[in-house]
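# Structure assessment
What follows is each chain in one-letter form.
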Amino acid sequence: RAILAFLAYFAFVFVGLRGMAQPNIEPSGEESHTESIKSAWPDFFGPFNGILHAFDQYTSEIRAYRREARKRKEGLVDLQATATPTSSREVHVVVIGESTNRNHMQLYGYSRETTPRLFAQKDSMFVFSDVISTFSHTLEAVKSALTFAGADKEKKLYQVYSILDVARKAGFRTYWISNQPPIGIWDNQISVLAKTADESIFVNRTGESVAACDTHSPDERVLEPFDIALHSAANQKILIIVHLMGTHSQYHLRYPERFNIFTDPLSVPRKDRRHLDDYQRKTINAYDNAVLYGDWVLSRILESVRTASQSSNSISSMVYFSDHGEEVFESRAYIGHGWDNLGRHHFEIPFMVWLSQEFERARPQTVDAIKANITKPFMTSSLIYALIDLMGIKTPLQQPQQSLFSPLYKPGPRVVYNVDYDLRLRQKP
């Protein structure tokens, strides 16, 4: 932490010096990068040149995206998108979990009762069995799912439209409600994306990304602002995106004490427990408790959507998925989600959909496609196309072959970090 604090301070000093040295520079064009520190001060910062150059490039991208976001909100874009005319109100909710491995969910066959509330409602939902994330870290995973960047890691946020842009252009009022911190090394760009919504609300004020991992900010904090958004704009079509802390490490900080249910280290459900020591078993217990708490939060959100839908007879949907998975000592002494030591658990995520009765009456073709595709392989880099279909939006950017909610959907190769998931990762323990 001391090193991070020093680098942050050093970077801010550097930005101040940049501002004094080049007060009138305003980046322009698609790249929008200011002159590199390497050429500006080749010797002044010595060994820190590379770090500061990367920081300079990063902040330039943030500024470029903010300018583009302002243009999008002002309508200065060529985006075309129209909503299907309906006489009913429309409410679409997308809930993004964090670091949740579906193999720790009772809903997906886990032997512990970690999702009892969702499990009890499984017959009223569509639980997809073979969905993976494209990336194993939040920034790229969220970008790939909610924008047209897809699996192209090199695409910058300011170069592509997002589902927020498409929805707003089609006449939806948009909301982003987050329990993730609005600032930090992993969150700045996502926060800028969030702020392109008509309303963005951040309930986690524990600090920047690194500090937030070591602090307790329960996901139930999103419930109050969510209910307010849900019942606002009574006669409008709305899209609400909810971003949770989910089961992010540190796992024991993700849930209140009342959800500390799994405590016996010897009760950890593993076929082969020989590789697990006491610390690892306790860690698995904490992770499963976090999943259990997530089940309660999701059920609360779903109940709110269901009740609001029934009272207003609205076309409503809720999609839940995790940004990526997590490995928790599954078959080796490894915990987390990296790209340098890949395992299938880094990508295997829950994915489920709930639809209101009015939705099913209004869009039977979409419902039929969901039923037909529920077991087909899918990767979240194509999620934006599915959401466009779900919301009944027409746009030239749509590609129905990539939409999981289209009768024309065709599964393609699922490649994660240049590795074919189905050929090289899927069969691993």
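Summary of the structure given here. Given the structure is predicted, the values throughout are model-derived calculations rather than measurements.

### Some remarks on the overall build of the protein
Each helix and strand counted, the protein has 14 helices and 15 strands in total. When each of the 429 residues of the protein is scored for burial, the buried share is 57%. Taking the contacts inside the protein whose residues are at least 6 apart along the sequence as the reference set, 75% of them involve residues at least 24 apart. Accessible surface for the protein amounts to roughly 18800 Å². Of this, 54% is attributable to carbon and sulfur atoms.

### What about helix α10 (residues 278–312)?
Residues lying three or four places apart along an α-helix face the same way, a consequence of the helix completing one turn every 3.6 residues. Relative to the 51 Å expected for 35 residues at 1.5 Å per residue, α10 spans 52 Å between its end C-alpha atoms, a close match to the ideal helical length. Between the side-chain oxygen at the start of α10 and the backbone nitrogen of Tyr279 there is a gap of 3.2 Å, and the oxygen is on Asp277. In the segment just after α10, Asn313 is the residue with positive phi, at about 55°.

### Some details on the sheet that holds strand β6 (residues 199–202)
The strands making up a sheet are joined through hydrogen bonds of the backbone, oriented either antiparallel or parallel. Strands sit in the order β3-β11-β8-β2-β7-β5-β6 across an open sheet of seven strands; the sheet is mixed. Either end of the sheet is taken by a strand with one partner, and the two such strands are β3 (126–127) and β6. Pairing of strand β5 (residues 173–178) with strand β7 (residues 238–243), which is carried by six bridges, proceeds in the parallel orientation. Looking across to β7, one finds that Ser178 is bridged to His243. Sheet contacts for helix α5 (residues 138–146): β2 (90–97), β5, β7 and β8 (315–322); angle to β7, the most-contacted strand, approximately 160°.

### Here's the deal with the environment of Leu425
Within the secondary structure, Leu425 is located in helix α14 (residues 421–425). You can call Leu425 buried: its relative accessible area is 3%. Separated by 81 residues in the primary sequence, Leu425 and Arg344 place their C-alpha atoms 5.3 Å from one another. The contact partners of Leu425, leaving out residues within four places of it in the chain, are Leu342, Arg344, Phe347, Val416, Val419 and Asp420.

### Some words on the nonpolar core
Membership of the largest hydrophobic core comes to 50 residues, with the highest contact counts inside it found for Trp176 and Phe351. In terms of residue count, the dominant contributor to this core is helix α13 (residues 383–390) (seven residues). With residues up to four places along the chain from it excluded, the contact list for Phe351 reads Tyr108, Phe126, Val127, Phe128, Val131, Val319, Tyr320, Phe321, Leu383, Leu404 and Phe405. If you look at the next biggest cluster of nonpolar residues, it comprises 47 residues, including Tyr110, Tyr251, Phe262 and Leu298.

### What about the packing of helix α9 (residues 223–230) against α10?
It is the contact of α9 with α10, at a shortest axis distance of 11 Å, that shows an interaxial angle of 15°. Looking at the two axes, α9 sits roughly parallel to α10. Crossing of α9 over α10 shows right-handed handedness. Facing Leu223, Phe226, Asp227 and Leu230 of α9, the residues of α10 in contact are Trp296, Val297, Arg300, Ile301, Ser304, Val305 and Ala308. Of the residues belonging to the contact of α9 with α10, the class tally is eight nonpolar, one polar and two charged.

### Thoughts on the packing of aromatic side chains
A complete count under the given rule lists 14 aromatic pairs for this structure. By the ring-pair criterion, three or more aromatic residues cluster together here, those being Phe128, Phe321, Phe351, Phe378, Phe405 and Tyr409. A cation sits over an aromatic face here: Lys122 above Phe119, 5.2 Å from the ring centre. Between Arg332 and the ring centre of Tyr334, over which it is positioned, the NZ or CZ distance is 4.6 Å.

Reading the values: rules and limits
- Residues numbered from 1 in each chain as written.
- Predicted model: local features only at pLDDT ≥ 70, side-chain atom pairs only at ≥ 80, totals over all residues.
- Heavy atoms only, no water.
- Helix = DSSP H or I, 4+ residues; strand = E, 2+ residues; numbered from the N terminus.
- Buried < 20%, exposed > 50% of the residue type's maximum accessible area, 1.4 Å probe, protein only.
- Contact = heavy atoms within 4.5 Å.
- Areas by Shrake-Rupley, 256 points an atom, 1.4 Å probe, with all protein chains shown as cover.
- Expected span 1.5 Å × (residues − 1).
- Polar contact = N/O pair within 3.5 Å; in protein donor to acceptor, adjacent residues only side chain to side chain.
- Pairing = 2+ DSSP bridges.
- Axes fitted to C-alpha atoms, helices over the stretch in contact; angles between N-to-C directions.
- Core = buried A, V, L, I, M, F, W, Y, C linked by side-chain atoms within 4.5 Å.
- Parallel < 35°, antiparallel > 145°, perpendicular 65-115°, else oblique.
- Left-handed = near helix turned anticlockwise from the far one by under 90°.
- Nonpolar A, V, L, I, M, F, W, Y, C, P; charged D, E, K, R; others polar.
- Phe/Tyr/Trp six-rings, centres within 6.5 Å; stacked < 30°, edge-to-face > 60°.
- Lys NZ or Arg CZ within 6 Å of the ring centre and 35° of its normal.

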